[in-house]
Amino acid sequence: MTTTGEHVPGDEARVIDAVPTGLFIGGTWRPASGGRTLTVDDPATGKALCEVADASPADGMEALAAATAAQASFAAMPPRERGEILLRAYEIMMERIDDLALVMTLEMGKPLAESKGEITYAAEFFRWFAEEAVRIDGGYAVAPAGTSRFLVQKQPVGVCLLITPWNFPMAMGTRKIGPAVAAGCAMVLKPSELTPLSMHSLAAILAEAGLPDGVLNLVTTSEAGAVMEPLIRDGRARKLSFTGSTPVGKKLLEQCAEKVLRTSMELGGNAPFIVFDDADLDKAVEGAMQAKMRNMGEACTAANRFLVHRSVADVFAEKLAARMGALTVGRGTEEGVQVGPLVNAKGREKVTALVDDALEKGATVVVGGDPVDGPGWFYRPTVLTGVPLEARLSREEIFGPVAAITVFDTDDDAVAAANDTEFGLVSYLFTENITRALRVSEQLESGMVGLNTGLVSNPAAPFGGVKESGLGREGGTVGIEEFLETKYVAIGFGG
Ligand code: NAP
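Reading the values: the criteria
Residues numbered from 1 in each chain as written. Predicted model: local features only at pLDDT ≥ 70, side-chain atom pairs only at ≥ 80, totals over all residues. Heavy atoms only, no water. Helix = DSSP H or I, 4+ residues; strand = E, 2+ residues; numbered from the N terminus. Rg over C-alpha atoms; globule rule 2.2 N^0.38 Å. Buried < 20%, exposed > 50% of the residue type's maximum accessible area, 1.4 Å probe, protein only. Contact = heavy atoms within 4.5 Å. Near = heavy atom within 4 Å. Polar contact = N/O pair within 3.5 Å; in protein donor to acceptor, adjacent residues only side chain to side chain. Areas by Shrake-Rupley, 256 points an atom, 1.4 Å probe, with all protein chains shown as cover. Axes fitted to C-alpha atoms, helices over the stretch in contact; angles between N-to-C directions. Parallel < 35°, antiparallel > 145°, perpendicular 65-115°, else oblique. Nonpolar A, V, L, I, M, F, W, Y, C, P; charged D, E, K, R; others polar. pLDDT = per-residue confidence, 0-100. Core = buried A, V, L, I, M, F, W, Y, C linked by side-chain atoms within 4.5 Å. Pairing = 2+ DSSP bridges. Left-handed = near helix turned anticlockwise from the far one by under 90°. Expected span 1.5 Å × (residues − 1). Disulfide = S-S within 2.5 Å.

### A look at the overall build of the chain
A tally of helices and strands in the chain yields 15 helices and 20 strands. Against the globule reference of 23 Å for 495 residues, the chain gives a C-alpha radius of gyration of 23 Å, in line with a compact fold. Counting across all 495 residues of the chain, residues that qualify as buried make up 56%. Residue pairs at least 24 apart in sequence account for 74% of intrachain contacts in the chain once pairs closer than 6 positions are excluded.

So this is what it looks like as structure tokens:
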């Protein structure tokens, strides 16, 4: 742990005090029914930051009613005006980036520099979808027989339910809210109870930017299932957009089946990171640091399995271990810190159990391999070699700063191992051979491929997975389609 410089504690109190702590329903901040609250903790200290309203199922239904009431007029708002609201919100976010980043670091743990990166990334979704709002197109065509005409138009899907996780508390919200606003959909949003403050801050910014009352309703709750299930089964909402774990996503898909809701599912990952013998190893190590250590490894896109060609495995492990071992671990508010705490005790226990399991099955520690003593949920950046493919580390999302290295001998072995998972979000590969790069990119069963890069996320690109990593895409030109229905009008033309 480092003690290199302290963030001014007064700033911490100021930014936390400025976050609205109620439920945001119909354009009004108000307490939860019965005055219930839940506590938001700082994972770096384990201490409480503040209390926020804890919605009940009845509060959830009020939020749905408010969204339903706002839907028709919002759908009728000119697209340019919807886009301008997003653009104003983008500008406010960028003006307040320091405060928003500090709130995020306090509730979630990531270092301030990473929080600032996430605020920028999150705000960019608003800028991107502000531009997309005015490009919703349609079509007009002559039927093949010539006797009728086809008019095709895009309409908002209607009221949307949005559920977001704790690991990217701002960006996972804007990635859904941006296209929903651009398309003309009213929403009920439920952030994770672990990190609600970023979405509370954002709801206030959107109101300031001119979003009409009732378009975005925010229900933070300690009873996610009890509050959201009745909303999903109600029928007034026409879509669920969920980002979170695969087991919860599957449960929600079942619930959506009852009223046949449209769904977008951004679920878990188990990304392979393949290093071929012709890779530029320095580039591969740089990519590995990005793909593994962004967000302390708590990312759906995190490299989970390092598959490295036998001939370069020792050098790669040595170089990666040198970089990982040199990282400064500490409270994300402190200057120079590169690795913050994991989000809670449960998250750290899982990482510890996965590493212990791999060691029992024959893996070797090159660096790290254990939790950090003291307050907060810190885990040392870790590199393990000789991780067998049957170890839990190879099969489950680690969600922590642990790089698990396994060797391979042939391209076919690498691809087979990479695809040997029920997940399919992202794969990374490093090679200087263009033919191999393109062939393997095609063979990998994932929605995204990082080719000689450890970072794939970009608001202007389609983000999403195949297999049990999800359904649909967020961002890019397809992102808005998730919030639009296609309506076809057949026009009789006589004859
Ligand atoms: P999670 O436990 O599935 O929770 C995600 C969200 O769902 C949270 O808001 C959670 O609320 C809520 N939730 C939990 N149970 C629910 C239920 N029965 N009904 C309705 N909502 C429910 O996942 P997490 O631990 O927060 O996030 C980590 C997971 O998200 C990882 O698997 C990661 O890969 C995935 N993820 C995927 C992407 C992607 O784009 N594919 C991006 C980021 C994260 P509470 O937290 O309040 O319980």
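Next comes the rest of the description.
### Let's talk about the site of the ligand
Around the ligand, a shell composed of 29 residues is seen, among which Thr 164, Arg 175, Ser 245, Leu 267 and Glu 397 lie nearest. Note that an oxygen atom of the ligand is positioned 3.0 Å from one of the side-chain N or O atoms of Trp 166. Take Lys 190: an N or O atom from its side chain is 2.9 Å from an oxygen atom of the ligand. In the complex, 88% of the free accessible area of the ligand, which totals 900 Å², lies under the protein chains.

### Some points on the packing of helix α4 (residues 97–108) against helix α7 (residues 197–208)
Interhelical geometry of α4 versus α7 gives an angle of 155 degrees and a closest axis separation of 9 Å. When the interaxial angle is binned, α4 and α7 end up roughly antiparallel. For the pair formed by α4 and α7, the contact residues are Leu 100, Val 103, Met 104 and Glu 107 on the first element and Leu 197, Ser 198, Ser 201 and Ile 205 on the second. For the contact of α4 with α7, a count of residues per class yields five nonpolar, two polar and one charged.

### A closer look at the confidence of the model for the chain
Mean pLDDT over the chain stands at 97; residues scoring 70 or higher make up 98%. Contacts for the low-pLDDT stretch residues 1–6, under 50 throughout, to residues beyond four places or in other chains number 16 contacts.

### A word on the nonpolar core
Among the nonpolar cores identified, the biggest contains 93 residues, and Met 93, Phe 126, Met 170, Ile 177, Met 187 and Leu 240 are the most heavily contacted of them. The leading source of residues in this core is helix α5 (residues 112–133), at 11 residues. Residues contacting Met 170, with those up to four places away along its chain left out, are Met 93, Leu 100, Met 104, Glu 118, Ile 119, Ala 122, Ser 198, Met 199 and Leu 202. Within the second largest apolar cluster, 58 residues are counted, among which are Trp 166, Met 289, Leu 384 and Val 387.

### Thoughts on the sheet that holds strand β13 (residues 303–309)
Strands belonging to one sheet form pairs held by backbone hydrogen bonds; the direction of such a pair is parallel or antiparallel. As summarised here, the arrangement of the seven strands in space is β14-β15-β16-β13-β12-β17-β18, forming an open sheet in which the pairing is mixed. The open sheet has two free edges, formed respectively by β14 (364–367) and β18 (448–451), since each of these has just one partner strand. Within the sheet, the average angular offset between the axes of one strand and its neighbour, ignoring direction, is 25 degrees. Two strands pair when backbone bridges link them, and β14 and strand β15 (residues 382–385) are joined in this way by three bridges, in the antiparallel orientation. Directly across from Val 367, in β15, lies its bridge partner Val 383. Packed onto the sheet, helix α11 (residues 310–325) meets β12 (271–275), β13, β14, β15 and β16 (402–408) and runs at close to 140 degrees relative to β13. Seen against the sheet, helix α14 (residues 411–419) touches β12, β13 and β16 and runs at an angle of roughly 170 degrees to β13.

### Regarding the packing of helix α2 (residues 57–76) against helix α8 (residues 224–234)
For the pair α2 and α8, the least separation of the axes is 8 Å and the interaxial angle reads 40 degrees. Taken together, α2 and α8 sit at an angle that is classed as oblique. For α2 against α8, the interelement crossing comes out right-handed. Listed contacts from α8 to Pro 57, Gly 60, Met 61 and Leu 64 of α2 are Ala 226, Val 227, Pro 230, Leu 231 and Asp 234. The residue inventory of the contact of α2 with α8, partitioned by class, reads seven nonpolar, one polar and one charged.

### Focus on helix α12 (residues 345–360)
Residues three or four positions apart in an α-helix share a direction because the helix packs 3.6 residues into each turn. A rise of 1.5 Å per residue sets the reference length of α12, with its 16 residues, at 22 Å; its end C-alpha atoms lie 22 Å apart and thus fit the reference within 8%. Residues of α12 that are buried: Arg 348, Val 351, Leu 354, Val 355, Asp 357 and Ala 358. In this fold, the buried residues of α12 make contact with β15, α13 (392–395) and β16. Backbone geometry just after α12 places Gly 362 at a positive phi near 110 degrees.

### Some details on the sheet that holds strand β6 (residues 148–156)
The antiparallel open sheet is built from three strands, whose spatial order is β5-β6-β20. Looking at which strands have only one partner, the edges of the open sheet turn out to be β5 (139–142) and β20 (484–492). Mean inter-strand twist for the sheet, computed between neighbouring axes without regard to direction, equals 20 degrees. As paired elements, β5 and β6 share four bridges and run antiparallel to each other. Looking at the pairing, Tyr 140 lines up with Leu 151 of β6.

### Some points on the state of the cysteines
Here the structure, examined in full by the defined rule, presents zero disulfides. Unpaired in this structure, Cys 185 has its nearest cysteine sulfur neighbour in Cys 160, at a distance of 3.9 Å.

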